[in-house]
Amino acid sequence: MTSYKIWDPLVRVFHWSLVAGFTANALLIDDDSKLHEWIGYAVLALVGVRILWGIVGPKSARFSSFLPGREAVLDQVSDIATRRRRTHLGHTPLGALMIVNLLVTILAIGATGHLMTTSAFWGVEWVEEAHEALVVWAEISIAAHIAAVLLESWRTGVNLPRAMLTGKKQVPDDINLVK
Ligand code: HEM
Ligand code: HEM
């Protein structure tokens, strides 16, 4: 095993705070409360900070280092289809597409949530329906995100959830590594 330091503290704190905030608002907190709005704004702020960090942060956090081209995505699909054991030091190409989907969806949830509190859009049905539909889309995406993380961890032997906790990827020496 070789250990690679990959996720800086901001990325890790962002990830687990986002998990907590999103889960609280989607499943636990009364959605008709002020607390729901404050947690929603906090989640929006987290995503805002992460987007800035994606521009000015260290290499592995930067969008320019992990947003994939078509070829990288097709390579990963072919790795999975042909059971080729290969792993990526940073986000995998498919993982990166999911990250963009989640960040954009969460921003849109926050925007529609905020609209519902304005006098111009208060009680407007399509805004409420959009907020609700976007939350359902986020939940489907998160289920796929978690399944993919578990599948990639099993397929490659790299414990990805642990890396998101400790910041370090422990990569088996017999695997092909894309840096
Ligand atoms: C509300 C639920 C969740 C949301 C919204 C979410 C969102 C995200 C986002 C935005 C990233 C990108 C991180 C960054 O670069 O800043 C990410 C990465 C990651 N997430 Fe989650 N996540 C959720 C739940 C989970 C759970 C439960 C696990 C553990 C099983 C997990 C494991 C990971 C891992 C391992 C990565 C890094 C993937 C890689 O190595 O490419 N996530 N997640
Ligand atoms: C993490 C972000 C958020 C999540 C996961 C979330 C989730 C939800 C859910 C599941 C509902 C119930 C939909 C239904 O079935 O009727 C809801 C309703 C609502 N949300 Fe959010 N929300 C978020 C952010 C926000 C923000 C930022 C605001 C406003 C500042 C907001 C304001 C509202 C309002 C006003 C309702 C309707 C409450 C009612 O009258 O019943 N949400 N939200």
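Residues numbered from 1 in each chain as written. Chains lettered and ligands numbered in written order. Predicted model: local features only at pLDDT ≥ 70, side-chain atom pairs only at ≥ 80, totals over all residues.

**Student:** Give me the packing of helix α2 (residues 34–56) against helix α5 (residues 93–116): which residues, what numbers.
**Tutor:** The N-to-C vectors of α2 and α5 enclose an angle of 140 degrees; their axes lie 10 Å apart at closest approach. Taken together, the axis directions place α2 and α5 in an arrangement best described as oblique. The element α2 and its partner α5 pack so that their crossing is left-handed. Every residue of α5 that contacts α2 at G40, V43, L44, V47 and I51 is listed here: L103, I106, L107, G110 and G113. In terms of residue class, the contact of α2 with α5 is built from 7 nonpolar, 3 polar and no charged. (Axes fitted to C-alpha atoms, helices over the stretch in contact; angles between N-to-C directions. Helix = DSSP H or I, 4+ residues; strand = E, 2+ residues; numbered from the N terminus. Parallel < 35°, antiparallel > 145°, perpendicular 65-115°, else oblique. Left-handed = near helix turned anticlockwise from the far one by under 90°. Contact = placed C-beta atoms within 7 Å. Nonpolar A, V, L, I, M, F, W, Y, C, P; charged D, E, K, R; others polar.)

**Student:** Go over the site of ligand 1 with me, naming the residues and quoting the values.
**Tutor:** Not every one of the 21 residues close to ligand 1 is listed here, only the nearest: H91, G95, L160, P161 and M164. Listing elements by their share of the shell around ligand 1, those giving two or more residues are α1 (9–28), α5, α6 (125–156) and α7 (160–166). Per-class residue counts for the shell around ligand 1 are 14 nonpolar, 6 polar and 1 charged. (Near = placed C-beta within 6 Å.)

**Student:** Which residues make up the site of ligand 2, and what values go with them?
**Tutor:** Around ligand 2 there are 20 residues in total, and N25, D31, E37, G40 and G113 lie nearest to it. Secondary-structure elements contributing two or more residues to the shell around ligand 2 are α1, α2, α5 and α6. Classifying every residue of the shell around ligand 2 by side-chain character gives 7 nonpolar, 9 polar and 4 charged.

**Student:** How would you summarise α5 if you had to cite specific residues and measurements?
**Tutor:** Its 24 residues give α5 an end-to-end C-alpha distance of 35 Å, which sits within 8% of 34 Å, the value for a rise of 1.5 Å per residue. Here α5 has its buried residues at P93, A96, I106, I109, G110, T112 and G113. Its buried side turned inward, α5 meets α2, α3 (63–66), α4 (70–81) and α6. (Expected span 1.5 Å × (residues − 1). Buried ≥ 20, exposed ≤ 12 C-beta atoms within 10 Å, placed from the backbone.)

**Student:** Which residues make up the packing of α4 against α5, and what values do they have?
**Tutor:** In contact at an axis separation of 8 Å, α4 and α5 are set at 120 degrees when each is read in the N-to-C sense. Between α4 and α5, the crossing angle belongs to the class labelled oblique. For the pair formed by α4 and α5, the contact residues are A72, V73 and Q76 on the first element and P93, L94 and L97 on the second. When its residues are assigned to classes, the contact of α4 with α5 shows 5 nonpolar, 1 polar and no charged.

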